[in-house]
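The primary structure of each chain is shown beneath.
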Amino acid sequence: MIVFRSPEEIPDGFGPSAVAIGKFDGVHAGHRAVIARLNEAAAASGSRAVVVTFDRNPLAILRPDRCPENVVTVERKLELLGEMGIDATLVLTFDEELAARSAHDFVTDILVGALEVSTVLVGEDFRFGNRGAGTPDLLRELGPEHGFSVEVVDDVYLPGSARRVSSSWIRELLMEGDVATATTVLGRYPDVRGEVVHGLKRGRELGFPTANLSTIVDAFVPADGVYAGWLVDHDTGIRHPSAISVGTNPTFDDVLVRQVEAHVLGETGLDLYGHDVSVEFVERLRGMVAFEGIEKLMEQMAADVTDAARALDVTS
């Protein structure tokens, strides 16, 4: 997948393009449905399949007091989009200049001028241009003049659910620690990626060594608690079944910031320091609590390992 960081980077003659526009935060099941339809439309018209998205949530500029935390970083979003079989993504810098651009200029300069758009796919609630004046209806009005068609993609609902799939719902689920439902809404396990760094090594002292992720990760971290999941070592390509802890270790009360750490089941001598890893959350086992003494903590950690092995259907 080619990544363009501005319309000026798109070479002359790149199109024609079938284009889907949106934030695509999390690249969840709803986004995946849009992109599947995008690929179909591109194949049918002999066009390139292109996603147009933004380097931040537009609310960060328009209403910073109402702007939520992203489900994933821009780089993680691009990685996920790159797995969807599209040809290119245009990442627009959403700043005051773009916010002030008229909807008409957005269409003529970016969609028509740079991408030579043949088909535009958007959601029913999509808005663009200065003061959100651009709507699917406006796109339909401009389409015949500039030679493109418009397709409004329906919202996606999970079987048996009356709530549409959205990034807001995913954030709520992760804040509740409901990673199982978040997996269904995302269409993949929720995960975070970072470098394994040195910690206090307390897990090793207790017989359950952990790989501690740096505090700089690429996605929304679920609620404090203990989870079953997988540690994916990108340096070796190995996926390790793991018991995962998120929080500040209230038993000892000496960890100042939230940490994600994973104990690889059945391993006590694994050296992962400096490795680039992802931690995938499969099932929440329990909340984070403070224990009265190390012995009770160790008993619970042993139970957590057993529960994680059960949840992952592996041998601990």
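Above: the structure in question.
Residues numbered from 1 in each chain as written. Predicted model: local features only at pLDDT ≥ 70, side-chain atom pairs only at ≥ 80, totals over all residues. Heavy atoms only, no water.

On a plain count of helices and strands, the chain comes out with 10 helices and 12 strands. Oriented by its inertia axes, the alpha-carbon framework of the chain measures out at about 75 × 40 × 40 Å. Buried residues in the chain amount to 49% of all 316 residues. Within the chain, residue pairs in contact and separated by at least 24 positions form 71% of the contacts whose partners lie at least 6 positions apart. Just so you have it, the chain exposes about 14700 Å², and 49% of that area is on carbon and sulfur atoms. Side chains of the chain give 28 positive and 50 negative charges; the mean places of these two sets differ by 3 Å. (Helix = DSSP H or I, 4+ residues; strand = E, 2+ residues; numbered from the N terminus. Buried < 20%, exposed > 50% of the residue type's maximum accessible area, 1.4 Å probe, protein only. Contact = heavy atoms within 4.5 Å. Areas by Shrake-Rupley, 256 points an atom, 1.4 Å probe, with all protein chains shown as cover. Lys, Arg positive; Asp, Glu negative; His and termini not counted. Charge placed at Lys NZ, Arg CZ, Asp CG, Glu CD.)

Before going further, it helps to examine the sheet that holds strand S12 (residues 276–286). Taken together, six strands build a closed barrel; the order of strands is S7-S8-S11-S10-S9-S12 and the barrel is antiparallel. Ignoring which end each strand starts from, the neighbouring axes of this sheet average 45° apart. Pairing of strand S8 (residues 211–213) with strand S11 (residues 259–264) involves two bridges; the strand directions are antiparallel. Across the sheet, Asn212 pairs through a bridge with Glu261, a residue of S11. (Pairing = 2+ DSSP bridges. Axes fitted to C-alpha atoms, helices over the stretch in contact; angles between N-to-C directions.)

Looking now at the packing of helix H7 (residues 167–176) against helix H8 (residues 179–186). Where H7 meets H8, the axes come as close as 8 Å, and the angle between the chain directions of the two elements is 160°. The pairing of H7 with H8 is recorded here as roughly antiparallel in orientation. In this structure, the crossing between H7 and H8 has a hand that is left-handed. Within the contact between the two elements, H7 uses Trp169, Ile170, Leu173 and Leu174 and H8 uses Val179, Thr181, Ala182, Val185 and Leu186. In terms of residue class, the contact of H7 with H8 is built from eight nonpolar, one polar and no charged. (Parallel < 35°, antiparallel > 145°, perpendicular 65-115°, else oblique. Left-handed = near helix turned anticlockwise from the far one by under 90°. Nonpolar A, V, L, I, M, F, W, Y, C, P; charged D, E, K, R; others polar.)

Using the criterion set out here, one finds 19 salt bridges in the structure. Salt-bridge contacts for Asp155 lead to Arg164; the nearest nitrogen and oxygen are separated by 4.0 Å. Three or more residues are tied together by salt bridges with common partners; here these are Arg76, Glu79, Arg188, Asp191, Arg193 and Asp276. (Salt bridge = Lys/Arg side-chain N within 4 Å of Asp/Glu carboxyl O.)

In this section: unusual backbone geometry. Between Gly15 and the following residue, Pro16, the backbone shows a cis peptide bond with an omega angle of 5°. As for its placement among the helices and strands, Pro16 is situated in the loop between strand S1 (2–4) and strand S2 (17–21). Phi angles above zero are rare outside glycine, and Glu116 is one such case at about 50°. Counting through the fold element by element, Glu116 comes out in the loop between helix H5 (103–114) and strand S5 (117–123). The exposure class of Glu116 is partly exposed, given its relative accessible area of 34%. The phi dihedral of Asp313 falls on the positive side, at around 60°, and the residue is not glycine. Mapped onto the secondary structure, Asp313 falls in the segment after helix H10 (294–312).

With that settled, consider the pairing of strand S9 (residues 225–233). Extensive coverage of S9 is indicated by the burial of nine of its nine residues. Pairing of S9 with strand S10 (residues 238–247) involves nine bridges; the strand directions are antiparallel. Each residue of the ladder has a partner; that of Val226, found in S10, is Ser245. In the sheet, S9 pairs with S12 via eight bridges, with the strands oriented antiparallel.

Turning our eyes to something else, we now look at the packing of aromatic side chains. Here the structure, examined in full by the defined rule, presents five aromatic pairs. A centroid spacing of 5.3 Å and a plane angle of 90° characterise the contact between Phe4 and Phe14, whose relative ring orientation is edge-to-face. In this pair, Phe4 is assigned in strand S1 and Phe14 in the loop between S1 and S2, connecting sequence segments 10 residues apart. Both rings, one in Phe54 and one in Phe94, keep their centres 5.7 Å apart while their planes meet at 85°; by these two values the pair is edge-to-face. (Phe/Tyr/Trp six-rings, centres within 6.5 Å; stacked < 30°, edge-to-face > 60°.)

In this structure, Val185, Val192, Tyr227, Ile244, Val260, Val279 and Phe281 are the most contacted members of the largest nonpolar core, which totals 31 residues. Counting residues per element, the ones that place at least two in this core are H7, H8, strand S7 (191–197), S8, S9, S10, S11 and S12. When neighbours within four sequence positions are excluded, Val260 is seen to be in contact with Val192, Ala211, Asn212, Leu213, Val221, Ile244, Ser245, Val246, Val279 and Phe281. Phe106, Val107, Leu111 and Phe128 belong to the second-largest nonpolar core, a separate cluster that totals 29 residues. (Core = buried A, V, L, I, M, F, W, Y, C linked by side-chain atoms within 4.5 Å.)

Among the 10 residues in S10, eight count as buried, and that is most of the element. A loop of four residues connects S9 with S10, the two strands running antiparallel in sequence, and Gly237 in this loop sits at a positive phi of about 80°. Pairing of S10 with S11, which is carried by six bridges, proceeds in the antiparallel orientation. Pairing of Ala243 across the sheet is with His263, part of S11.

With that settled, consider the sheet that holds strand S3 (residues 48–54). Strand order across the open sheet formed by six strands is S1-S4-S3-S2-S5-S6, with parallel pairing between neighbours. What marks the edges here is a single partner per strand, and that holds for S1 and strand S6 (149–153). Pairwise comparison of adjacent strand axes, ignoring direction, gives a mean angle of 20° for this sheet. In this sheet, S5 lies alongside S2 in parallel orientation, the contact comprising four bridges. Residue pairing in the sheet places Ser17 in a bridge with Val117 of S5.

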